[in-house]
Protein chains: 2
Amino acid sequence: MAKQRAYSKYAQEAAVLMGEQIKLGRKRRQWTEKNLADRAGISRATLQKIENGEMSSTIGLVFEVAALVGVKLFESEKLPLSKHIEQARDKIALLPQRIKATKKVVHDDF
Amino acid sequence: MAKQRAYSKYAQEAAVLMGEQIKLGRKRRQWTEKNLADRAGISRATLQKIENGEMSSTIGLVFEVAALVGVKLFESEKLPLSKHIEQARDKIALLPQRIKATKKVVHDDF
DNA sequence: TTGGAATGGCTAATATTCTGGTCATTAATT
DNA sequence: AATTAATGACCAGAATATTAGCCATTCCAA
């Protein structure tokens, strides 16, 4: 019995795309499912779910496998991920730390 | 007791970055944690884990929340995700369907 | 300054995933 | 064509995530 949760089309497509990219990366490296699963320290069944774009896999395993086959997360070719994290944190720091149910209309045009 | 799994630095940073982007997107929209959690149909505790970049969250929930706050997955601004999926599948179709332990050296320079 | 809401962190109970195994089918190599 | 490994799919048990609730703390708004 599969989970009865509703996912947006966008989120689902993103998961499918992630799976395809991983499968593509694996095949380019001529790795079998078992081979990649062993490298990632996961079972072959789990890898299959990931490559099939199932929403139930944990993000840690998905990202780990993606990293192993060279899928670029966030397309960050120029900057290292850590720089992106810094930048995101800088932006967050500029915003109020807590959101209170506001009465005033706020113009949020970034 | 936290899970005893080893993750690559790259995968961990990607998860953290994803969490930061979500938190940033949420704050820009002036949504509280509870507000976003309700929209996504998840608990506030889970949302906190996602925003903290914990590797244990399910990719379905992470992508769903990301979509809700407008985080661009795969930076696909030009092409829709579905087009990317097609392209990935086309590339996979060109490769052999199964990988057998090969004797010959293959030049795989894409 | 103060009241109240948002956040951070914890717990036990429940729900779900991950694993390791098996089996059938298919494709690559000889 | 035959052989054999890779893939696809399923299962029960073990491991883990998710939830709902609670409390303490912090910060925004009045």
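Residues numbered from 1 in each chain as written. Chains lettered and ligands numbered in written order. Predicted model: local features only at pLDDT ≥ 70, side-chain atom pairs only at ≥ 80, totals over all residues. Heavy atoms only, no water.

- Under the annotation held in an unreviewed UniProt entry, chain A carries the name Helix-turn-helix transcriptional regulator and is attributed to Exilibacterium tricleocarpae.

1. Some details on the relation of the copies chain A and chain B
Then, number 1: Turning chain A through 180 degrees and shifting it by 0.0 Å along the axis lays it on chain B, with an RMSD of 0.1 Å. On this basis, the relationship between the two copies can be described by a two-fold rotation axis. Residue A:Thr58, judged by its C-alpha, is the member of chain A lying nearest the rotation axis, at 2.0 Å.
Then, number 2: When you check the interface residues of chain A against chain B, 100% turn up at the interface there too, and the contact is symmetric in its surfaces. (Least-squares fit on C-alpha atoms with pLDDT ≥ 70 in both. Contact = heavy atoms within 4.5 Å.)

2. Some remarks on the interface of chain A and chain B
Then, number 1: Residue-level contacts link 58 residues of chain A with 58 residues of chain B.
Then, number 2: When the two sides are added together, the surface that chain A and chain B hide from each other amounts to roughly 5400 Å², 68% of it contributed by carbon and sulfur.
Then, number 3: For the chain A face of the interface with chain B, the top three residues by lost area are A:Arg28, A:Phe74 and A:Ile99, together amounting to 14%.
Then, number 4: Between chain A and chain B we count two salt bridges in total.
Then, number 5: Notably, a salt bridge pairs B:Arg89 with A:Glu20, separated by 2.7 Å at the nearest N-O pair.
Then, number 6: Looking at the side of chain A that touches chain B, the elements that each hand over two or more residues are α1 (9-28), α4 (59-68) and α5 (81-94) of chain A.
Then, number 7: If one sorts the elements of the side of chain A that touches chain B by residue count, α1(A) sits on top with 14 residues.
Then, number 8: In terms of residue class, the side of chain A that touches chain B is built from 31 nonpolar, 13 polar and 14 charged. (Buried area = accessible area lost by both parts, 1.4 Å probe. Salt bridge = Lys/Arg side-chain N within 4 Å of Asp/Glu carboxyl O. Helix = DSSP H or I, 4+ residues; strand = E, 2+ residues; numbered from the N terminus. Nonpolar A, V, L, I, M, F, W, Y, C, P; charged D, E, K, R; others polar.)

3. With respect to the protein's contact with DNA strand D
Then, number 1: Close contacts around DNA strand D come from 25 residues, with A:Arg98, B:Thr46, B:Ser56, B:Arg98 and B:Ile99 the closest.
Then, number 2: Sugar plus phosphate, as a fraction of atoms of DNA strand D within 4 Å of the protein: 66%.
Then, number 3: In this structure, A:Arg26 approaches DNA strand D through a side-chain N or O atom, which is 3.1 Å from a phosphate oxygen.
Then, number 4: Interatomic distance of 3.3 Å between a side-chain N/O atom of A:Lys100 and a base oxygen of DNA strand D.
Then, number 5: Top element by residues in the surface near DNA strand D is helix α3 (residues 44-51) of chain B. It accounts for three residues.
Then, number 6: The residue inventory of the surface near DNA strand D, partitioned by class, reads five nonpolar, nine polar and eleven charged. (Near = heavy atom within 4 Å. Polar contact = N/O pair within 3.5 Å; in protein donor to acceptor, adjacent residues only side chain to side chain.)

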